[in-house]
Amino acid sequence: MLFDGQDRPRTRGPTNGCGVSGPLEGTRVVEAADTTAPLHIRLAIAMAGKIACELGADVAVLEPNGGDPIRKLPPFLHGPERRSAVFEFLNGGKSIIPAHCRSEFDELAACADAVLVDESIRLPDDVTAVVVSTFGPHQPDLQGPASELTIMAMSGILYLIGEQAGEPFRLPGHQPSY
């Protein structure tokens, strides 16, 4: 995304990078997650941005140094490059900003309509953001790391899909993240 003379990201005309106009047309969303953020947090932030993009918003993503860990998730698309289908699905139509351009990201965040981040991302004081975390800030006894299996157990879904006397049964994919 580039800035116009009014310090606002320039949109791509009547549609966003997804080629869609919709109720969020003209809305600017930025998203970021630290490389240490759990996978389910990264996926949740990326999915929220994907939904905003599909509804017409212009979405910019700060990609961490070394690349987004989602790029390493299978399945991979056929072709000369090893590209993650999950990454392509979640980030299609978004503008990717490399982490070494952090100042550009901060400028975008300052004038964005919505900012999606994990709890480790620090933003300027005047930026309001949606902070995605596993258990939220009001659960101090649950601040440790959690896996998707933990989230499925706490939600009760494991009770519905597994054998009561057997080992936990994990659903395929990343359902708890979405």
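Residues numbered from 1 in each chain as written. Predicted model: local features only at pLDDT ≥ 70, side-chain atom pairs only at ≥ 80, totals over all residues. Heavy atoms only, no water.

**Re the sheet that holds strand 1 (residues 28–32)**
Spelled out, the test is: Two strands pair if DSSP finds at least two bridges between them. Here a helix means four or more residues in a row that DSSP labels H or I, a strand means two or more in a row labelled E, and each is numbered from the N terminus. Angular values range over 0 to 180 degrees, each being the angle between N-to-C directions of two axes fitted as lines to C-alpha atoms, with helices fitted over their stretch in contact.
An order of 5-2-1-6-7 is seen for the 5 strands of this open sheet, with the pairing classed as parallel. Whereas interior strands pair on both sides, the edge strands pair on one side only; in this sheet they are strand 5 (95–98) and strand 7 (130–132). Between one strand axis and the next, the sheet turns through 20 degrees on average, direction left out of account. Sheet analysis places strand 2 (residues 58–63) next to strand 5, joined by 4 bridges and oriented parallel. Across the sheet, Val-61 pairs through a bridge with Ile-96, a residue of strand 5.

**As for the confidence of the model for the protein chain**
The condition that has to hold: Confidence scores labelled pLDDT are given residue by residue by the predictor and lie between 0 and 100.
Within the protein chain, residue pLDDT values average 82, and 83% of them lie at 70 or more. The least confident element of the protein chain is helix 5 (residues 157–161), whose mean pLDDT is 78; the most confident is helix 2 (residues 85–91), at 96.

**Looking at unusual backbone geometry**
Between Pro-74 and the following residue, Pro-75, the backbone shows a cis peptide bond with an omega angle of 0 degrees. Structurally, the position occupied by Pro-75 is in the loop between strand 2 and strand 3 (76–77).

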